Amino acid sequence: MCYFLYWLVQFPFMLVSPQKIRHLFTLKAIVVPSAWIAILIWAMAKAPPRVSLDPTSSTVHGSTAKWLWLAAMNSAIGSYSTLSVNIPDFTRYAKHERSQYIQLFVIPAAFTFIGFVGIAVTAAGEIIYGEVLWDPLRLIDRWDNRAAGFFASFTFALATLGTNISANSLSAANDLTALFPRYINIKRGQVICAFVGGWALCPWEILASAPRFLTFMAGYTVFLGPFAAIMVVDYWLIHGGKVNVVAMYDPHGIYRYWNGINWRAAVALLVSVTPNLPGLIHNINAQIPVGNASYLFNVAWIFGFAVGAGVYWILSTLFPATETFMDAPLLSDEFIDESADNENNSKFDFTRGDCEPQSSSTQPSVVLPPHNLRNPDPMFA
């Protein structure tokens, strides 16, 4: 019932455009860190750091301890690996390209601080209550002060709401919009995500225990590592940032590759994802033996990123898609300005890498986005 009520509260927020929902994120950025700092202060007052953070003797040693450390690091990477591939869903609305550089400092600092708060409060909870309460809501439930418990729980609800919108529903909606632009917009994509991700995937099972949650967090790094690698290598190393934004909306343009598939990326995914699948299966069901392949899963993101990047770079270097190379990047605003300046003159083929002028009879059909990329409100109509 609690999950259903939370789902009902969250659903209306999925119908709000990203430009307007930013006010929710502003509120979250002020309220949530303040509350978590207060919880950290409470924990340290109840159980001083010299006691709660005092190193305890480990029950594992040698290679087992090292693999556990790598597994923990892989789970930590998994917590923000989604941001590494879907952050453009939000930076696309920035007024300037320089506006996103602050993430280089904010994201590492924020995640490090949040990780420390979680470790410190959990360690203090073990001293105070005599058991490891990895779920902060279970720790808050032990408080005698009902008002403090309400406000602390509210901040976690607000944090979960913002995370679900930014890291889950909006990113899924953007992907669905790209796949089926004729039938799905941002609103419809988020509604689909709300029902499929909110009910069909049974997310409450993921949070049933700490091992299940960590397995889930590490699980999708199997796929997100290679995704991020291919994106980084293609944009920075292969094309050097010189892309044609307009041509990306042309189904028969320079980015069609082979029958709509970039086989280099497909091969890179196959090579980097497949070796991690036995370990993923074993972590989901430990009764299925996979031998030493289970160890590779402990470094799934690192392995997937390194192998995916290497394979994609080699294939793109040996078999380059020359039709996608540009002398300079072409953005949507430049296309609109050029089209206005040349409306009564020769027409240009902006889906080609050389941007050569074309006659009216040979001008290709370009399916442009129905809006300026910096102001995509019409997608929410």
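Residues numbered from 1 in each chain as written. Predicted model: local features only at pLDDT ≥ 70, side-chain atom pairs only at ≥ 80, totals over all residues. Heavy atoms only, no water.

### Considering the overall build of the protein chain
A tally of regular secondary structure across the protein chain gives 17 helices and two strands. Contacts spanning at least 24 positions in sequence make up 73% of the contacts within the protein chain whose residues lie at least 6 apart. Within the structure as shown, the protein chain displays about 22600 Å² of accessible surface, and the carbon and sulfur contribution to it stands at 66%. (Helix = DSSP H or I, 4+ residues; strand = E, 2+ residues; numbered from the N terminus. Contact = heavy atoms within 4.5 Å. Areas by Shrake-Rupley, 256 points an atom, 1.4 Å probe, with all protein chains shown as cover.)

### Section: the packing of aromatic side chains
For the structure shown, the criterion picks out 13 aromatic pairs. Each ring, one from Y235 and one from W236, has its centre 5.0 Å from the other, and the planes form 90 degrees; the classification is edge-to-face. What links up through ring pairs into an aromatic cluster is the set Y3, F4, W7, F11, F195 and W199. (Phe/Tyr/Trp six-rings, centres within 6.5 Å; stacked < 30°, edge-to-face > 60°.)

### Description of the nonpolar core
With 26 residues, the main nonpolar core has L24, W36, I39, V121, W143 and I165 as its most contacted residues. At the level of elements, α2 (18-46), α6 (103-129), α7 (136-140) and α8 (146-179) are the ones that each hand at least two residues to this core. Counting 10 residues, the second largest nonpolar core, distinct from the first, contains A229, A265, A309 and V311. (Core = buried A, V, L, I, M, F, W, Y, C linked by side-chain atoms within 4.5 Å. Buried < 20%, exposed > 50% of the residue type's maximum accessible area, 1.4 Å probe, protein only.)

### Focus on the packing of helix α12 (residues 221-238) against helix α16 (residues 300-318)
Contact geometry of α12 with α16 gives a least axis separation of 7 Å together with a crossing angle of 35 degrees. The way α12 lies across α16 gives a crossing that is right-handed. Here α12 contributes T221, V222, L224, G225, P226, A228, A229, I230, V233, D234, L237 and I238 to the contact with α16, which in turn contributes A300, W301, G304, F305, G308, A309, Y312, W313 and S316. Here the residues of the contact of α12 with α16 sort into 15 nonpolar, five polar and one charged. (Axes fitted to C-alpha atoms, helices over the stretch in contact; angles between N-to-C directions. Left-handed = near helix turned anticlockwise from the far one by under 90°. Nonpolar A, V, L, I, M, F, W, Y, C, P; charged D, E, K, R; others polar.)

### Regarding the packing of α12 against helix α13 (residues 263-273)
At a minimum axis separation of 10 Å, α12 and α13 run at an interaxial angle of 145 degrees. In terms of crossing hand, the pair formed by α12 and α13 is right-handed. In this structure, α12 contributes V222, F223, P226, F227 and I230 to the contact, and α13 contributes A265, A268, L269, S272 and V273. Class assignment of the residues belonging to the contact of α12 with α13 gives a composition of nine nonpolar, one polar and no charged.

### Considerations on unusual backbone geometry
Positioned with a positive phi, Y257 is a non-glycine residue whose angle comes to about 55 degrees. Turning to its location among the elements, Y257 is positioned in the loop between α12 and α13. Of note, N259 is a non-glycine position whose phi angle comes to about 55 degrees, a positive value. By the element assignment, N259 lies in the loop between α12 and α13.

### Quick look at the pattern of salt bridges
Considering all chains together, one arrives at two salt bridges under this definition. Of the charged contacts in the structure, one is a salt bridge between R142 and E131, with a shortest N-O distance of 2.2 Å. Of this pair, R142 sits in the loop between α7 and α8 while E131 sits in the loop between α6 and α7; the two residues are 11 residues apart in sequence, bridging distant segments of the chain. One salt-bridge network, in which partners are shared between bridges, spans E131, R138 and R142. (Salt bridge = Lys/Arg side-chain N within 4 Å of Asp/Glu carboxyl O.)

### With respect to the side chain of S81
In this fold, S81 is placed in helix α4 (residues 62-86). Taking relative accessible area as the criterion, S81 reaches 1% and is therefore assigned buried. Aside from chain neighbours lying at most four places away, what touches S81 is Y220, T221, L224 and W301.

### Observations regarding the side chain of S272
Structurally, S272 can be placed in helix α13. There is a polar contact of 2.6 Å between the side chain of S272 and the backbone oxygen of A268. The contacts of S272, once residues within four sequence positions are left out, are P226, F303, G304, V307 and G308. (Polar contact = N/O pair within 3.5 Å; in protein donor to acceptor, adjacent residues only side chain to side chain.)

### Notes on the confidence of the model for the protein chain
Averaged over the protein chain, the pLDDT score is 83; the fraction of residues at 70 or greater is 86%. When mean pLDDT is compared element by element in the protein chain, α13 scores highest at 97, while strand β2 (residues 357-358) scores lowest at 44. Within the model, the stretch residues 344-381 combines pLDDT values under 50 with 79 contacts to residues more than four positions away or in other chains. (pLDDT = per-residue confidence, 0-100.)

### Overview of the environment of W199
The topology assignment puts W199 in helix α9 (residues 186-200). Residue classification places W199 among the partly exposed residues on the basis of a relative accessible area of 31%. C-alpha of W199 to C-alpha of F4: the two residues are 195 residues apart in sequence and 9.6 Å apart in space. Ignoring anything within four residues of it in the chain, the contact list for W199 reads Y3, F4, W7, A194 and W204.

### Observations concerning the environment of I281
Residue placement: I281 occurs in helix α14 (residues 277-284). I281 sits 16 residues away from F297 along the chain, and the two C-alpha atoms are 9.6 Å apart.

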